[in-house]
Amino acid sequence: MIHGGAGDLASIKNNRTAIRYLESIRTTLEYGREILAMGGSALECVEVCVTLLEDDPVFNAGCGSVLNAQGKVEMDAGIMNGADLTAGAVASVSNIANPVQLARLVMAESEHVMLVGKGAIEFGTKLGMKTIEDNYFHTETRLKQLHAAQDKNTTLLDHEALADDKFGTVGAVAWDYGGGLAAATSTGGIINKQAGRVGDSPIIGAGVYADNETCAVSATGYGEDFMRTVIAKAIADYIEITGADATAALRFGIDYLRRKVNGRGGVIMIDRKGYCASGFTTKKMIHGWIEHGGEVSCGF
Ligand code: GLY
């Protein structure tokens, strides 16, 4: 199951734009299906799916990342393996094409869970990851979005009405043939954010969480709302305590997000039996899923 961000999506003005999103979601899901069919793990699956979404400029992650208040790209990403609760995350990184891959390196090659900023980039380059020029990220569209937010003296979710285009945080959750669950989330954050601001995406238990005994979760929206409710872990704990399935746990999570902080955004999840669920408090969320090897379903 994958998502491409939540928000107003008012700027999806025509079918052509909508089709562009749905094509990307569908293609990514089919890659994910192939990886699992070939015996790949849920962890490999979510890393590849999020990499593909980071490489697609229509989403707010990797090359499509939005700009902070200084006109710079600072990205966050997190990944978690439900088999053993190992996790890796990076925050406030620049000049990295695929932050989710750097997060996976942190998970696999360090004793730590999270590295930030320059230290994270140095860690990656030591292990052979290439840095990439600023102009890979910076485009006229991102600048226009930033100026729109600055004119209003606010921060914006990439899918809000003021944003001229639609660039959503991305995430993936997967359940493999061995019953393994994994989750990954990656983002450029929110438009016109304070330099150094970190959102929920790399925070284990907030924007990303996986445990084979409960579920895998990825969130999108205003990170501050998800951090304050630790929403991904709250959903997992609900399953742990009540034995609920994905649909009931998702309902609990969205109600909790709304009731506690009037939170803005959405969540995708797969439970320990491979059932998918999604929900959002914003008008829309770009997402899609393949449940138990069935047909691709996707929508807003
Ligand atoms: N949910 C992405 C962010 O707030 O950074």
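Here the structure is a predicted model, which is why all the values come from computation and not from measurement. (Residues numbered from 1 in each chain as written. Predicted model: local features only at pLDDT ≥ 70, side-chain atom pairs only at ≥ 80, totals over all residues. Heavy atoms only, no water.)

(A) How the structure looks around the packing of aromatic side chains. For the coordinates displayed, the defined rule picks out four aromatic pairs. With 5.6 Å between their ring centres and 70 degrees between their planes, Tyr21 and Phe59 make a pair best called edge-to-face. Taken together, the residues Tyr21 in helix α1 (residues 15-37) and Phe59 in the loop between α2 (42-54) and β2 (75-81) connect sequence positions 38 residues apart. The exposure classification of Tyr21 matches that of Phe59, with both residues buried. When the ring of Phe252 is compared with that of Tyr256, the centres are 5.6 Å apart and the planes differ by 20 degrees; the resulting orientation is stacked. Here Phe252 and its partner Tyr256 are both found in helix α8 (residues 246-261), four residues apart, which amounts to about one turn of the helix. For Phe252, a relative accessible area of 25% translates into the label partly exposed. Under the relative-accessibility criterion, Tyr256 is labelled partly exposed at 22%. One residue, Arg264, lies across the ring of Tyr222, its end atom 4.1 Å from the ring centre. (Phe/Tyr/Trp six-rings, centres within 6.5 Å; stacked < 30°, edge-to-face > 60°. Helix = DSSP H or I, 4+ residues; strand = E, 2+ residues; numbered from the N terminus. Buried < 20%, exposed > 50% of the residue type's maximum accessible area, 1.4 Å probe, protein only. Lys NZ or Arg CZ within 6 Å of the ring centre and 35° of its normal.)

(B) Fine view of the sheet that holds strand β7 (residues 208-211). Spatially, four strands are ordered β7-β8-β9-β10 in an open sheet, and the strand pairing comes out antiparallel. Pairing within the sheet leaves two strands with one partner each, and these edge strands are β7 and β10 (276-280). Sheet twist, expressed as the mean angle between neighbouring strand axes with direction ignored, is 10 degrees. Pairing analysis gives seven bridges linking strand β8 (residues 215-221) to strand β9 (residues 265-271), with the strands arranged antiparallel. Following the sheet pairing, Thr220 is matched in β9 by Gly266. In the packing of helix α7 (residues 231-242) onto the sheet, contacts are made with β7, β8 and β9, and the angle to β8 comes to roughly 150 degrees. Along the sheet, α8 makes contact with β9 and β10, crossing β10 at roughly 20 degrees. (Pairing = 2+ DSSP bridges. Axes fitted to C-alpha atoms, helices over the stretch in contact; angles between N-to-C directions. Contact = heavy atoms within 4.5 Å.)

(C) Broad picture of the nonpolar core. Val173, Cys215, Val217, Ile235, Val267 and Met269 are the most contacted members of the largest nonpolar core, which totals 33 residues. Listed by contribution, the elements that provide at least two residues to this core are β6 (181-187), β7, β8, α7, α8, β9 and β10. The biggest single contributor to this core is α8, with six residues. Setting aside residues no more than four positions away along its own chain, Val217 makes contact with Val173, Ala183, Gly207, Val208, Tyr209, Ala232, Ile235, Val267, Ile268 and Met269. (Core = buried A, V, L, I, M, F, W, Y, C linked by side-chain atoms within 4.5 Å.)

(D) Quick look at the site of the ligand. Around the ligand, the structure places Thr169, Thr187, Gly189, Arg197, Gly199, Asp200, Ser201, Gly221, Tyr222 and Gly223. Contact with the protein chains removes 100% of the 190 Å² of surface that the ligand exposes when unbound. Because more than half of its atoms lie within 2 Å of the grid, the ligand is assigned to the largest cavity. (Near = heavy atom within 4 Å. Areas by Shrake-Rupley, 256 points an atom, 1.4 Å probe, with all protein chains shown as cover. 1 Å grid on protein atoms, 1.4 Å probe; cavity = no way out; pocket = protein on both sides within 12 Å on 5 of 7 lines; lining within 4 Å. Sits in = over half its atoms within 2 Å of the grid points.)

(E) Region of interest: the side chain of Thr169. Note on placement: Thr169 falls in the loop between α5 (140-151) and β5 (170-175). At a separation of 2.6 Å, a polar atom in the side chain of Thr169 contacts the side chain of Thr187. (Polar contact = N/O pair within 3.5 Å; in protein donor to acceptor, adjacent residues only side chain to side chain.)

(F) How the structure looks around unusual backbone geometry. Its identity is not glycine, yet Leu85 carries a phi of approximately 60 degrees, on the positive side. Within the fold, Leu85 resides in the loop between β2 and β3 (86-93). Leu85 sits in the partly exposed class, given a relative accessible area of 42%.

(G) Region of interest: the environment of Gly119. Looking at where Gly119 falls in the secondary structure, it is placed in helix α4 (residues 117-126). As for Gly119 and Thr247, which are separated by 128 residues in sequence, their C-alpha atoms are 40 Å apart.

By themselves, these are just geometric observations and shouldn't be taken as functional.
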